[in-house]
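Each chain is listed here by its residues.
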Amino acid sequence: MKILNKAIIGCLLAAGLTMTSCDYLNVIPDETTTGSDMTKDRQAALNYLYSCYGYLPTPNAGPTSLDFLTGDEVVTAFEHENFAAFPKGNYSASNPVISYWNTLYQGIRQCYMFQDELNKGGNFKGLEDKDRNDYKAQVTFLIGYYHFLLSRCYGPIIIVRSTPDPMLLPEDYQGQEPYDDCVDFICAKFDEAAKGLPATRTGAQANEFGLATSIAAKAMKAKMLLYAASPLFNGNSEFYSNFKDKNGNTLMPLTYDENKWQKAADAFKEAINLAEAAGYHLYERGDCKLNKNGYPADPHVRALRYTITDYSAEDEQAGANPEVIWADSRGEGYYGLQNKSIPYIDGGWGWNGVAPTVAMLSRFYTKNGLPIDQDKTFDYADRWEPVEVDDAHEDEAYPGRKTQKFNLDREPRYYAWIAFQDGYYEILSAANNGAYKDDPNYKLTSDNTHGRLVCDFVVGGNCSHGPTVNSLRNSNYSPTGFLNKKFVNPDLVKSKTGADYTNTPWPLIRLADLYLGYAECLVETGDLQTARTYLNKVRTRAGLPGVKEAWEEFGKEPAKATTKEGLRDIVRNERMNEFYLENQNFWDMRRWLLAETYFNVKAKGMNIDAENIDDFSTIKEVVFERKFQAPMNYLLPIPSADINRNDHVVQTPGY
């Protein structure tokens, strides 16, 4: 599979990482070529198209990503970076830190400008009609998508329906429009785009991976309607009764509309039907790249580890990864998630610093598919007690060593994505100058075809805070005594000095998201049986029993999966587990009105300054500040400079 080409990657990186404030009504950004070269030929059209994609936010660039490391899933050793202002609540209208307001409006303007040029006769010599129509549909998709991202941040937004007039007087500038009108506009754009886009980009179009498709358009329409139906945006009079424009018009819907859930459900079903017809299915390759690293051996764990990083399939109708519907094809770079997540390499590119929180870890299920506090077979009261690992649990942790009961008898996603005390981190040490070749804990179970590190977070261990209590590191350590493994391929080969990482696309929406979005909507419409059916599709792939059967056999509340309230909680928990570290937590907690509960408390972890396993097995509060103010922080602030420039725009409530 080819992932676009170097031209688009360079353009995306150049424009996508730009967060500077600039009036979106400026006609042409400084970096844009002007004159006849812009519309000369087919290559000029392609460059123009790529420039429209260049305003996409980078989802996995830790320092500058709004929604990546900013929920309650992880806490990191990199709290000095820009993103950390968000979980700390240290952002405002005068200092929004990371703001999409101007960047995305610039992107919208660029799309309309390109659309205008595509509609002119004589432009882009040599551009075939089929490509011209495809480009038109792609920019229509991007116009809808950029508006979607804005509405997710700010609620009611300025709707841009055509190329902004550079001569427009300030008194004629637009203000925000009611949220429901924004939703209708965005959905209409996605529907319009879908008519002109291919369902997939495979075969002759494989080098266009990452560009918009009709299925991506329908999927994003469903996501937009899901947000519109959710508690934050659907009849939230407690927060937004006074959120009005300068003329006194209410900008947010203040009356709950149950029918919005049905509209969203219908949109999800349409997207699912189209996706499945095009060959999309859940990823289940339990034998992926076994010849490179035989760990993890469990097929469920292995499939989960590769679900969103394997793009090597050559026989799939839907493309190189049959589950990922739309992805960002930019690489994360040397300072990305992978090198920040892997076990510590002294003097090398392994920074040991992306640490799942106890809150997130507690959401992952037991082996029976239930929350740890609801499974009657799980010793929840003594979950932090250290126990010696026996041979029956050798696939979970190293036998003869001690770990907490909390880490044993958990679901496959836990073992696929989480490293813990005396558990495993599947990774390869290079044959020459290998990063872990001298570590006895690597040699324990590794050979020429298998590589994994037995992790030790107790002070002095290979994943610990430091070699001794008197030489603890100020950075490059796990604040909780756990490490992230998601998005780190087991076949990654690390040397002591190499900055190696796997350059793979980042999923923006995948089929599991459609299944769980559909299930969430059906719970609210009362169709619990069908909701369980689609929920179980995701659970089955994760190696879990059916939800109703699991609760009836192992649950402390056996009927929970048969009630609307109970199944609502279950579906939400499933989303948190399945989309751990996939840019969902930051938004889902907000739209469910749960952010003030979960984002306003400090993270917790193990006692990482302990010198023995017993002291380590004590829960401690991580020192880093966490603050969320309700209702203010549920939406984001519009930069003050833009409020001052446009007298028709009103500020998000609370800022």
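Residues numbered from 1 in each chain as written. Predicted model: local features only at pLDDT ≥ 70, side-chain atom pairs only at ≥ 80, totals over all residues. Heavy atoms only, no water.

Colleague: It is not clear to me how the side chain of Thr366 should be interpreted in this structure. Could you clarify?
Modeller: Mapped onto the fold, Thr366 is located in the loop between helix H11 (358-361) and strand E4 (386-388). A distance of 2.6 Å separates polar atoms of two side chains, one belonging to Thr366 and the other to Asp375. (Helix = DSSP H or I, 4+ residues; strand = E, 2+ residues; numbered from the N terminus. Polar contact = N/O pair within 3.5 Å; in protein donor to acceptor, adjacent residues only side chain to side chain.)

Colleague: Help me out: how do you make sense of the packing of aromatic side chains in this one?
Modeller: Each pair of aromatic rings is reported with the distance of its centres and the angle of its planes. With the rule as written, the count across this model stands at 42 aromatic pairs. Plain terms: the ring middles of Phe68 and Trp506 are 5.2 Å apart, the flat faces sit at 85° to each other, and that makes the pair edge-to-face. One end of the pair, Phe68, is in the loop between helix H2 (42-53) and strand E1 (74-76); the other, Trp506, is in strand E12 (residues 506-510), with 438 residues separating them in the sequence. The class for Phe68 is buried, based on a relative accessible area of 2%. Both rings, one in Phe599 and one in Phe628, keep their centres 6.1 Å apart while their planes meet at 70°; by these two values the pair is edge-to-face. Of this pair, Phe599 sits in the loop between helix H19 (595-598) and strand E13 (604-606) while Phe628 sits in the loop between strand E14 (619-621) and helix H21 (640-645), placing them 29 residues apart in sequence. Each of the two residues, Phe599 as well as Phe628, counts as buried. (Phe/Tyr/Trp six-rings, centres within 6.5 Å; stacked < 30°, edge-to-face > 60°. Buried < 20%, exposed > 50% of the residue type's maximum accessible area, 1.4 Å probe, protein only.)

Colleague: How should I be thinking about the nonpolar core in this particular structure?
Modeller: One broad rule of soluble globular proteins: the nonpolar side chains tend to lie buried together. Within the largest apolar cluster, 202 residues are counted, with the highest numbers of intra-cluster contacts made by Phe141, Tyr145 and Tyr146. Examining the composition of this core, we find that 13 residues originate from one element, helix H4 (residues 129-154), more than from any other. With near-sequence residues (within four places) excluded, Tyr146 lies in contact with Cys52, Tyr53, Gly54, Tyr55, Leu56, Leu104, Gly107, Ile108 and Cys111. (Core = buried A, V, L, I, M, F, W, Y, C linked by side-chain atoms within 4.5 Å. Contact = heavy atoms within 4.5 Å.)

Colleague: Please clarify how the pairing of strand E2 (residues 324-328) should be interpreted in this entry.
Modeller: For a regular strand, the rule is simple: side chains alternate between the two faces of the sheet. By the criterion of burial, E2 is predominantly enclosed, with 5 of the 5 residues buried. Bridge analysis of E2 against E12 gives 4 bridges, and the strand direction is antiparallel. Bridged to Asp328 within E12 is Trp506. (Pairing = 2+ DSSP bridges.)

Colleague: What's the story with helix H5 (residues 179-196) in this structure? I'm lost.
Modeller: Each α-helix winds once per 3.6 residues, and so residues spaced three or four apart point in a common direction. In this model H5 runs 27 Å from its N-terminal to its C-terminal C-alpha over 18 residues, within 8% of the 26 Å that 1.5 Å per residue would give. Among the residues of H5, Tyr179, Cys182, Val183, Phe185, Ile186, Cys187, Lys189, Phe190, Ala193 and Ala194 are the ones counted as buried. If you follow the buried residues of H5, they end up packed against helix H3 (101-118), H4 and helix H6 (214-229). (Expected span 1.5 Å × (residues − 1).)

Colleague: How do you make sense of the pattern of salt bridges when you look at a structure like this?
Modeller: Where charged atoms from two side chains of opposite charge come close, those side chains can pair. This structure, assessed with the given rule, holds 46 salt bridges. The partner of Arg201 in a salt bridge is Glu208, and the shortest N-O contact between them spans 2.7 Å. Owing to a relative accessible area of 6%, Arg201 belongs among the buried residues under this scheme. The partner of Glu578 in a salt bridge is Arg541, with the nearest N and O atoms 2.8 Å apart. With Glu578 in helix H17 (residues 564-578) and Arg541 in helix H15 (residues 528-541), the pair connects residues that are 37 residues apart, well separated along the chain. Each member of the pair Glu578 and Arg541 is classed as buried. Residues participating in the shared-partner salt-bridge network are Glu323, Glu411, Arg413, Lys486, Arg510, Arg539, Arg541, Glu574, Glu578 and Glu582. (Salt bridge = Lys/Arg side-chain N within 4 Å of Asp/Glu carboxyl O.)

Colleague: Can you help me understand the packing of helix H14 (residues 511-525) against H17 in this one?
Modeller: When two helices pack together, their arrangement is given by the angle between the helix axes and the distance between those axes. Two elements in contact, H14 and H17, have axes separated by 9 Å at closest approach and are oriented at 165°. With respect to H17, the axis of H14 lies roughly antiparallel. Relative to H17, H14 is oriented so that their crossing is left-handed. Facing H14, whose interface residues are Ala512, Asp513, Leu516, Gly517, Ala519, Glu520, Val523 and Glu524, H17 presents Lys564, Leu567, Arg568, Val571, Glu574, Arg575 and Glu578. (Axes fitted to C-alpha atoms, helices over the stretch in contact; angles between N-to-C directions. Parallel < 35°, antiparallel > 145°, perpendicular 65-115°, else oblique. Left-handed = near helix turned anticlockwise from the far one by under 90°.)

Colleague: Would you take a moment to explain a negative patch on the surface for this structure?
Modeller: Together, Asp298, Glu388, Asp390, Asp391, Glu394 and Asp395 make up a negatively charged patch on the protein surface. Asp391 sits in the exposed class, given a relative accessible area of 59%. (Patch = residues over 30% accessible without salt bridge, like charges linked within 9 Å, V, L, I, M, F, W, Y side chains within 5 Å. Areas by Shrake-Rupley, 256 points an atom, 1.4 Å probe, with all protein chains shown as cover. Lys, Arg positive; Asp, Glu negative; His and termini not counted. Charge placed at Lys NZ, Arg CZ, Asp CG, Glu CD.)

Colleague: Looking at this structure, how should I read the environment of Arg568?
Modeller: If you trace the backbone, Arg568 turns up in helix H17. Exposure remark for Arg568: the relative accessible area of 24% places this residue in the partly exposed category. Between the C-alpha atoms of Arg568 and Asn352, which are 216 residues apart in sequence, the distance is 35 Å. The residues touching Arg568, leaving out its near neighbours within four places in the chain, are Val523 and Glu524.

Colleague: I tried to follow the packing of H2 against H3 on my own but got confused; where do I start?
Modeller: Interaxial distance between H2 and H3 falls to 9 Å at its minimum, and their mutual angle equals 155°. Between H2 and H3, the angle falls in the class roughly antiparallel. The hand of the H2/H3 crossing is left-handed. Between H2, through Ala45, Tyr48, Leu49, Ser51 and Cys52, and H3, the contact on the second element is made entirely by Gln110, Cys111, Met113, Phe114 and Glu117. In terms of residue class, the contact of H2 with H3 is built from 7 nonpolar, 2 polar and 1 charged. (Nonpolar A, V, L, I, M, F, W, Y, C, P; charged D, E, K, R; others polar.)

Colleague: I keep staring at the environment of Pro164 and nothing clicks. Help me out?
Modeller: As for its position among the elements, Pro164 is in the loop between H4 and H5. For Pro164 and Arg109, which are 55 residues apart along the polypeptide, the C-alpha to C-alpha distance reads 6.7 Å.

Colleague: Explain helix H16 (residues 547-554) here, please?
Modeller: By the burial criterion, the buried members of H16 are Val547, Ala550, Trp551 and Phe554. Along H16, the residues classed as buried sweep out an arc of 100° about the axis, all on the same side. Contacts made by the buried residues of H16 are with H15 and H17. (Arc of directions from axis to C-beta.)

Note that all results are geometric; they support no functional claim without further evidence.
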